[in-house]
Amino acid sequence: MSKPAKHTGVTSGEPIDSYLPSAGNRGYRVSRYELDLEYNVASNRLAGRATVTATTVEPLARLSFDLSPALTVAKVTVNGARAPKFAHRGGKLTITMPKPVPTGTALVVTVRYAGAPVPVHGPWGEVGWEELAEGVLVASQPNGASSWFPCDDHPSSKASYRIELTCDSPYFAVANGILTGRRVRAAQTTWTYEQSEPMAAYLATIQIGEYERVAVPDSRVPGSVGPGAGVPMSAVLPPRLRKHFDRDFARQPQMMEVFTDLFGPYPFPAYTVVVTADELEIPIEAQGISVFGANHCDGHGREERLVAHELAHQWFGNSLTLRRWRDIWLHEGFACYAEWLWSERSGGPATHQLAAAAHAGLARLPQDLLPADPGPELMFDDRLYKRGALVLHALRQGIGDRPFFDLLREWTRKFRHATVTTEDFTDLAAHYAHQPLHPLWDAWLLSPALPPLP
Ligand SMILES: [Zn+2]
């Protein structure tokens, strides 16, 4: 959490994050979600039981989860006892505890719910559960997780997950983590995925479609050395897009190798690219998964920049996750800079050329965006991405290549699977510089005006 909890209860107190004032909840920390879901693709009906394991961090008489009003709650239990009362209003499920509990109490809360899930509307468009022509896509950044399960929907709250989904057999279902079970019973298949590394709720996903899974060529088994850095990689896509995929994502194993070299070990057991049959405006990251639209996989190889961007988010965003949304440059600036690094390492334009082009582009645009605190409306503005990447380029120019890449690897090592702030990064960077970095941060991160490119 960005600020210590000052209040007991669920409705009082200042928001956990001023960028998303209604998201997130106080009073407890979730360690695990177990989601048992049944979904009918034709009718878009979801029925679920969420089992949430948490520990209280203050005395609690009530607790709340984020949960979409489109879903109806039937039953709630707390540590096996039926909750005496719950209310579901304004996107919050508020549960009265069978009896008030002290700090440090272990809780297992089960919520039975059902409904026709719909995306969450916000300044960033529609996020969360989304029906496709034949299937489902879930992309919840920043506040869409509550569209499909009761959760503590803030990135400062990370937990492990088991996601079990039953749907009609012709469909292929993907969720985060490792597939630990696939049971076919009559016309239905149950898919079980275990995500053991901690995950923010917005990175939890389900992808359902008429897909097949194919291993990415050249990827090697764990532990071996070779293209792909030993990370098992696969694609989940409509069979008709297979040929396009092989061409458009051909260099992804080399990309994985370059990024593990530059950023340190890949943080998850495997990497899956999902390509939907539908077109998508932009690709999106989930933990261990990136989701592209059919339009990003057309056999022309024009979107390799995006392939690099999404892969880089596995380190910057998914393993190291911002603790408050205003630090979004820690995700997007790094992923954008990774695009430039990949370009340089793969025979394309050098980082300095790309930085100069981005700088020239930004110089023509209004300079009213503060990279370290862009405001909720501008947090996914393209200027934030480019400016964030330029922060890193300026830092690299300032401290030199070797210290810069040592810093990146220490950053991903020290805060692996944790949550981070800008101060965590600038504090760590100070150890890699011979001169004070405050002038650099002041100019590049803490002022809207674009400084000259070093
Ligand atoms: Zn991104």
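Please read these numbers as outputs of a predicted model, since none were measured by experiment. (Residues numbered from 1 in each chain as written. Predicted model: local features only at pLDDT ≥ 70, side-chain atom pairs only at ≥ 80, totals over all residues. Heavy atoms only, no water.)

Visitor: Can you walk me through the sheet that holds strand 11 (residues 135-139) in this structure?
Guide: The strands making up a sheet associate through backbone hydrogen bonding, with each pair oriented either parallel or antiparallel. With respect to topology, 5 strands assemble into an open sheet ordered 9-10-11-16-13, the strand pairing being antiparallel. Every other strand in the sheet has two partners, leaving strand 9 (120-122) and strand 13 (172-175) as the edge strands with one partner each. Ignoring which end each strand starts from, the neighbouring axes of this sheet average 20° apart. As judged from the 2 bridges shared by strand 11 and strand 16 (residues 206-209), these two strands associate in the antiparallel manner. When the sheet's bridge partners are listed, Leu137 is paired in strand 16 with Gln207. (Pairing = 2+ DSSP bridges. Helix = DSSP H or I, 4+ residues; strand = E, 2+ residues; numbered from the N terminus. Axes fitted to C-alpha atoms, helices over the stretch in contact; angles between N-to-C directions.)

Visitor: Teacher, can you tell me more about the pairing of strand 19 (residues 271-275) here?
Guide: Looking down a regular strand, the side chains alternate between one sheet face and the other. Across the 5 residues that make up strand 19, a large majority, 5, are buried. Neither face of strand 19 is left uncovered, since the one carrying Tyr271, Val273 and Val275 and the one carrying Thr272 and Val274 both have all their residues buried. In the sheet, strand 18 (residues 233-237) pairs with strand 19 via 4 bridges, with the strands oriented parallel. By the bridge assignment, Ser234 is partnered in strand 19 with Thr272. When strand 19 meets strand 21 (residues 289-292), the two strands line up parallel, connected through 4 bridges. Across the sheet, Val274 pairs through a bridge with Val291, a residue of strand 21. (Buried < 20%, exposed > 50% of the residue type's maximum accessible area, 1.4 Å probe, protein only.)

Visitor: Quick question: what am I supposed to make of the UniProt feature "domain: Peptidase M1 membrane alanine aminopeptidase" (unreviewed entry) in the protein chain here?
Guide: Residues given the UniProt feature "domain: Peptidase M1 membrane alanine aminopeptidase" (unreviewed entry) here are residues 253-444. Here residues 253-444 is 51% helix and 8% strand, with 33 Å between the C-alpha atoms at its ends. (UniProt positions renumbered as here; feature names shortened; annotations may be inferred.)

Visitor: Please explain helix 6 (residues 382-399) as it appears in this structure.
Guide: Residues three or four positions apart in an α-helix share a direction because the helix packs 3.6 residues into each turn. The end-to-end C-alpha separation of helix 6 is 26 Å, in line with the 26 Å expected for 18 residues at 1.5 Å each. Within helix 6, 14 of the 18 residues are buried, which leaves the element mostly enclosed by the surrounding structure. Looking at where helix 6 begins, the residue whose side-chain oxygen comes 2.8 Å from the main-chain nitrogen of Arg383 is Asp381. (Expected span 1.5 Å × (residues − 1). Polar contact = N/O pair within 3.5 Å; in protein donor to acceptor, adjacent residues only side chain to side chain.)

Visitor: Is there a simple way to explain the coordination of the zinc ion in this structure?
Guide: Put simply, the ideal angle at a metal is 109.5 degrees for four donors in tetrahedral geometry and 90 or 180 degrees for six donors in octahedral geometry. Donor atoms from the polypeptide that coordinate the zinc ion comprise His309 (NE2), His313 (NE2) and Glu332 (OE), at 2.0 to 2.1 Å from the metal. Using a relative accessible area of 2% as the deciding quantity, one classes Glu332 as buried. (Donors = N, O, S within 2.8 Å, 3.2 Å for Na, K, Ca; no water.)

Visitor: When you look at the environment of Ile95 in this model, what are you seeing that I'm missing?
Guide: Along the chain, Ile95 falls in strand 7 (residues 92-101). Sequence spacing of Ile95 and Cys297 is 202 residues, and the spatial spacing of their C-alpha atoms is 45 Å. Residues in contact with Ile95, not counting those within four places in the same chain, are Ala61, Arg62, Leu63, Phe65, Val76, Val78, Ala83, Lys85, Phe86 and Val109. (Contact = heavy atoms within 4.5 Å.)

Visitor: How do you make sense of the side chain of Arg387 when you look at a structure like this?
Guide: Residue placement: Arg387 occurs in helix 6. The side chain of Arg387 sits in the buried core without any salt bridge; Asp368 is the nearest counter-charge, 8.8 Å away. Among the polar contacts listed, one links the side chain of Arg387 to the backbone oxygen of Pro448, at a separation of 3.0 Å. In contact with Arg387, not counting residues within four places along its chain, are Leu362, Leu369, Pro371, Ala443, Trp444, Ser447, Pro448, Ala449, Leu450 and Pro451. (Lys, Arg positive; Asp, Glu negative; His and termini not counted. Salt bridge = Lys/Arg side-chain N within 4 Å of Asp/Glu carboxyl O.)

Visitor: Can you help me understand the packing of aromatic side chains in this one?
Guide: Both the distance between ring centres and the angle between the ring planes are used here to describe each pair of aromatic rings. Scanning the entire structure with this criterion turns up 28 aromatic pairs. With a centroid separation of 6.1 Å and an interplanar angle of 80°, the aromatic rings of Tyr266 and Phe268 are classed as edge-to-face. Grouping residues by exposure puts Tyr266 and Phe268 together as buried. Seen from their ring centres, Phe316 and Phe334 are 4.9 Å apart, and the 45° between their planes marks the pair as tilted. A residue pair is termed long-range when its members are at least 10 positions apart, and Phe316 in the loop between helix 3 (304-312) and strand 22 (321-322) and Phe334 in helix 4 (residues 329-345) qualify at 18 residues. Overall, Phe316 belongs to the buried group, its relative accessible area being 1%. (Phe/Tyr/Trp six-rings, centres within 6.5 Å; stacked < 30°, edge-to-face > 60°.)

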